[in-house]
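Spelled out from the first residue to the last, the chains are:
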Amino acid sequence: MDISQVLFYALSAMALGSAIMVVISRNPVHSVLWLIITFFAISGHYILMNAQFLGIVNLIVYAGAIMVLFLFVIMLMNLNAETEPQKNKWLKLAGVVAGGCLLLVLVAALKQAEVKGKVAMLETGDIGLIRNLGKALFTDFVVPFEISSILFLSAMVGAVVIGKK
Amino acid sequence: MLIEKYIYLAIALFCIGIVGVLARRNAIIIFMCIELMLNAVNLLLVAFSKMHHAAAVAKGATAGIEGQLFVFFIMVVAAAEVSVGLAIIVMMYRNTHSVDVNFLNRLKH
Amino acid sequence: MTNLQLLALLPFMVLATAAVVVILLIAFKQSHTVIQVTGFFMMCAVVLAMWFVRDTLPREVPPLLVVDGLAALFTGLIIFSVLVVGLLSYIYFEEREENPKEYYILLFLATLGAAVLTISRHFISFFIGLELLSVSLYALIAYLRNRNNAIEAGVKYLMLAALTSAFLLFGMALIYMETGSMEFTAIGNAITKSGTSVLFLMGIGLIVVAIGFKLALVPFHLWAADVYQGAPAPVTAFIATVSKIGVFAVFVRFAQAIHLHENALAVTVLTVIAIACMIAGNVLALMQQNIKRLLAYSSIAHFGYLLVAFLSGDAGVGAGVFYLLAYSITLLSAFGIITLLSTRRKDADELSGYRGLFWRNPLMAAIFTVALLSLAGIPLTAGFPAKFFILTVGVQQHMWLLAVVLVLTSVIGLYYYLRIISTLFASPPLSPAKEKSLHPLFYAATYTSLVVLMFLLAWLGIFPGFIIDNVQEFLVIR
């Protein structure tokens, strides 16, 4: 077992464990913190796959910006474990069972599928580097890039319109 | 690394997100769980992008780059969605003094 | 990107410019009226731009976009609907005390999202167009935030739309894995070469879930009635027409590219969904006392009918476009009446409020009656030939079960449409006089456009041939 495999399993365990903690934490602030750890683990996976640009952007955008926004909102509302609304036990159980069923179905489908032998390259390949991504982004994919800037305009206007008193 | 392992990981994360959406009542936590699901998809897309790159690297140096670009766009969209979504949730809190989605039952037949 | 490709995208750029122009007008503190009129002319400019570029079609903008006849048709339909929605918005929002100006920015951006959907042939543009539409819609639905229902509708739509976009992405990822491409035609080529696998079908299933949510197909329709009721009336009209047209357009393009009609499993699933839509939509509408909720259930049923055209494959596209045109005109005139009757405090959505409308305002009652007759598919209105064409292609493709369900559920539908019409002509209660504070010019403009819509309905109902020929002409541009 070489180092990248060890890293893969460690990061996967970290992502799964903290994802579960996001769901079961009673305190919303703790949920946010666990989710940030999940995002760090996923960024680690990206870097392991040599998708360095996405790894960094994931940290900056998700862990840095989006989660801080969540944290701000939670603190603004002063939410904590005591104010946290709880579903009754049976509804929670139903949720877990439904999620588990979906998991089983997906895993069963994956067992059926012929994906054996295909590998994702680790540590090699340079498509994840900023130079190549940037080239593709500003040539072939320039139109969606512009549209996503318009999307931000829409989000900005929407947030301002809704947020103002 | 075998691609199945990434698929299993992503499926597990996706399903944890779904369980969170179904089992929690706090609108903010539900929204966070949706973000978790989006991240599971992102991980999947990057893994597939590297898989197709490995398979077609002889044909072109940039094979499989779409997957990573798509992840970039998903992140962009998620950021926009979160900003509007949180604004709506804050507004809901102002009106009902709660973020409990079960309070949302005024619209009736 | 070449000049010709840029030229083909001109209408979409004008549409984006419209939003920016509105922002600038707001910055210069122009009045609601100025913004409304400018917005109207900008939409006309989009139509002009489409006319201007018509000869350069079809034009591909690889790898993401293609502007062809199908796109032109659907975009035209979208712009037409937005013109009417914009006009209705003026009266609706001028009566509300809140500042209505930013509404138009969001409206035009959501329109751009729907228009991008019509030209996309790649998962990335599909997703971005869909999200541009959704993100603008979140804000539009919750726009009148002082009313509790608006927020409830907004939060519901937000949560469910975000959840379904996660499903959509998961489906896209699975398809990307199986085919190694995100472009529709390349996906189609890949599966004709290697056949469909389990994961591919699962990916298609997840995408159908997301599209079913946006089109409010059964069983993903649970949001529809609440959001229709809670959103402001013009926004409801927007959701019912523009947003659904855009999503339907991309669904048609996707299905054509991957030959969805040749996949027995997918056809079976969609058939079941179509039957469920027709039955559930009509049955749920039967006992409904709220007009907006009733129209929500009725639009579920109408998309069930539309799925029959969709399932007929390429032959059904023309019928589908004609159906969407008739449906849009009908719904826009119905929502026009709801908007006109709405007051400052609440939307006119209770059926009891329409009692004896004919004796108070015969013109409104006439327009509403024609719209409802068209929804029911009575001859001499646009709904009849639309349904007839769908039935014809359904029978031609030997989809007997669907055809039978279509006819039977239309009969059920007739009951509740006629129930509303009988309410319109019942003896009126003592009604409070409605205060009219607006400039009469805008009432005149709205009435005129609604009357034009009414005549369009009748014209389409009596002479559908002209439109259907034109639609077919457009559809061969590809």
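Residues numbered from 1 in each chain as written. Chains lettered and ligands numbered in written order. Predicted model: local features only at pLDDT ≥ 70, side-chain atom pairs only at ≥ 80, totals over all residues.

With respect to the overall build of chain B
On a plain count of helices and strands, chain B comes out with three helices and zero strands. Sequence-ordered secondary structure for chain B, helices as α and strands as β, is α-α-α. When burial is assessed residue by residue, chain B has 69% of its 109 residues classed as buried. Long-range pairs, those at least 24 residues apart, make up 49% of the contacts in chain B between residues at least 6 apart in sequence. (Helix = DSSP H or I, 4+ residues; strand = E, 2+ residues; numbered from the N terminus. Buried ≥ 20, exposed ≤ 12 C-beta atoms within 10 Å, placed from the backbone. Contact = placed C-beta atoms within 7 Å.)

Let's talk about the overall build of chain A
Tallying secondary structure elements over chain A gives six helices and zero strands in all. Scanning chain A from its N terminus toward the C terminus, one meets helices and strands in the order α-α-α-α-α-α. Here the C-alpha atoms of chain A give a radius of gyration of 20 Å, more than 25% beyond the 15 Å that 2.2 N^0.38 yields for 165 residues. Overall, chain A is about 50 × 40 × 30 Å in size when its C-alpha atoms are taken along their principal axes. Residue burial in chain A is summarised as follows: out of 165 residues, 36% are buried. (Rg over C-alpha atoms; globule rule 2.2 N^0.38 Å.)

Notes on the confidence of the model for chain A
Residues of chain A with pLDDT of at least 70 account for 96%, and the chain-wide mean is 87. The least confident element of chain A, judged by mean pLDDT, is helix 4 (residues 89-112) of chain A at 87; the most confident is helix 2 (residues 28-48) of chain A at 94. (pLDDT = per-residue confidence, 0-100.)

Details of the interface of chain A and chain B
Counting residues at the interface gives 68 residues for chain A, matched by 61 residues for chain B. If you tally residues by element for the side of chain A that touches chain B, the top one is helix 3 (residues 52-77) of chain A, at twelve residues. Looking at the side of chain A that touches chain B residue by residue, the classes come out as 51 nonpolar, 13 polar and four charged. (Nonpolar A, V, L, I, M, F, W, Y, C, P; charged D, E, K, R; others polar.)

Details of unusual backbone geometry
Residues C:Pro62 and C:Pro63 are joined by a peptide bond in cis, for which omega reads 0°. One can find C:Pro63 in the loop between strand 1 (59-61) and strand 2 (65-67). One non-glycine residue with positive phi stands out, namely A:Asn50, at about 65°. Relative to the helices and strands, A:Asn50 resides in the loop between helix 2 and helix 3.

Concerning the domain arrangement of chain A
Segmenting chain A into domains produces domain 1 (3-126) and domain 2 (129-165). Distance from the C-alpha centre of domain 1 of chain A to the C-alpha centre of domain 2 of chain A: 25 Å. (Domains from an automatic or database assignment.)

Some details on the nonpolar core
If you look at the biggest cluster of nonpolar residues, it comprises 302 residues, and the most contacted ones within it are B:Leu44, C:Ile141, C:Ala173 and C:Tyr323. Ranked by residues supplied to this core, first place goes to helix 7 (residues 148-179) of chain C with 21 residues. The two domains that each donate at least three residues to this core are domain 1 (3-126) and domain 2 (129-165) of chain A. Apart from residues lying up to four places away in sequence, C:Ala173 is in contact with B:Val41, B:Leu44, B:Leu45 and B:Phe48. (Core = buried A, V, L, I, M, F, W, Y, C linked by C-beta atoms within 7 Å.)

As for the packing of helix 1 (residues 3-24) of chain A against helix 1 (residues 3-23) of chain B
Two elements in contact, helix 1 of chain A and helix 1 of chain B, have axes whose closest approach is 9 Å; the angle formed by their N-to-C orientations is 5°. The orientation of helix 1 of chain A with respect to helix 1 of chain B, classified from their angle, is roughly parallel. Here helix 1 of chain A contributes A:Ser12, A:Ala15, A:Leu16, A:Ala19, A:Ile20, A:Val22 and A:Val23 to the contact with helix 1 of chain B, which in turn contributes B:Leu9, B:Ala12, B:Leu13, B:Ile16, B:Val19, B:Gly20 and B:Ala23. Looking at the contact of helix 1 of chain A with helix 1 of chain B residue by residue, the classes come out as twelve nonpolar, two polar and no charged. (Axes fitted to C-alpha atoms, helices over the stretch in contact; angles between N-to-C directions. Parallel < 35°, antiparallel > 145°, perpendicular 65-115°, else oblique.)

Re the interface of chain A and chain C
Contacts between the two partners involve 19 residues from chain A and, on the opposite side, 27 residues from chain C. Looking at the side of chain A that touches chain C, the elements that each hand over two or more residues are helix 4 and helix 6 (142-163) of chain A. The leading source of residues in the side of chain A that touches chain C is helix 6 of chain A, at 13 residues.

Comments concerning helix 12 (residues 264-286) of chain C
All names here are of chain C. Over its 23 residues, helix 12 runs 33 Å from end to end, which matches the ideal 33 Å to within 8%, given 1.5 Å per residue. For helix 12, the set of buried residues is Ala266, Leu270, Ile273, Ala274, Ile275, Cys277, Met278, Gly281, Asn282, Leu284 and Ala285. Looking at the buried residues of helix 12, the elements they touch are helix 9 (198-215), helix 13 (291-311) and helix 18 (400-425). (Expected span 1.5 Å × (residues − 1).)

Description of the packing of helix 2 of chain A against helix 3 of chain A
Two quantities define a packed helix pair, namely the angle between the helix axes and the distance between the axes. Residues and elements named next belong to chain A. Between helix 2 and helix 3, the shortest axis-to-axis distance is 8 Å and the interhelical angle comes to 175°. As far as their axial angle goes, helix 3 and helix 2 are roughly antiparallel. From helix 2, Pro28, Val29, Val32, Leu35, Ile36, Phe39, Phe40, Ile42, Ser43, Tyr46 and Ile47 reach across to helix 3, where they touch Gln52, Leu54, Gly55, Asn58, Leu59, Tyr62, Ala63, Met67, Phe70, Leu71 and Ile74. Split into classes, the residues belonging to the contact of helix 2 with helix 3 amount to 18 nonpolar, four polar and no charged.

Some thoughts on the environment of A:Gly128
Looking at the element boundaries, A:Gly128 is found in the loop between helix 4 and helix 5 (130-138). Residue contacts for A:Gly128: discarding those within four places in its chain leaves A:Met49, A:Asn50, A:Ala51, A:Gln52, A:Phe53, A:Leu54 and B:Gln68.

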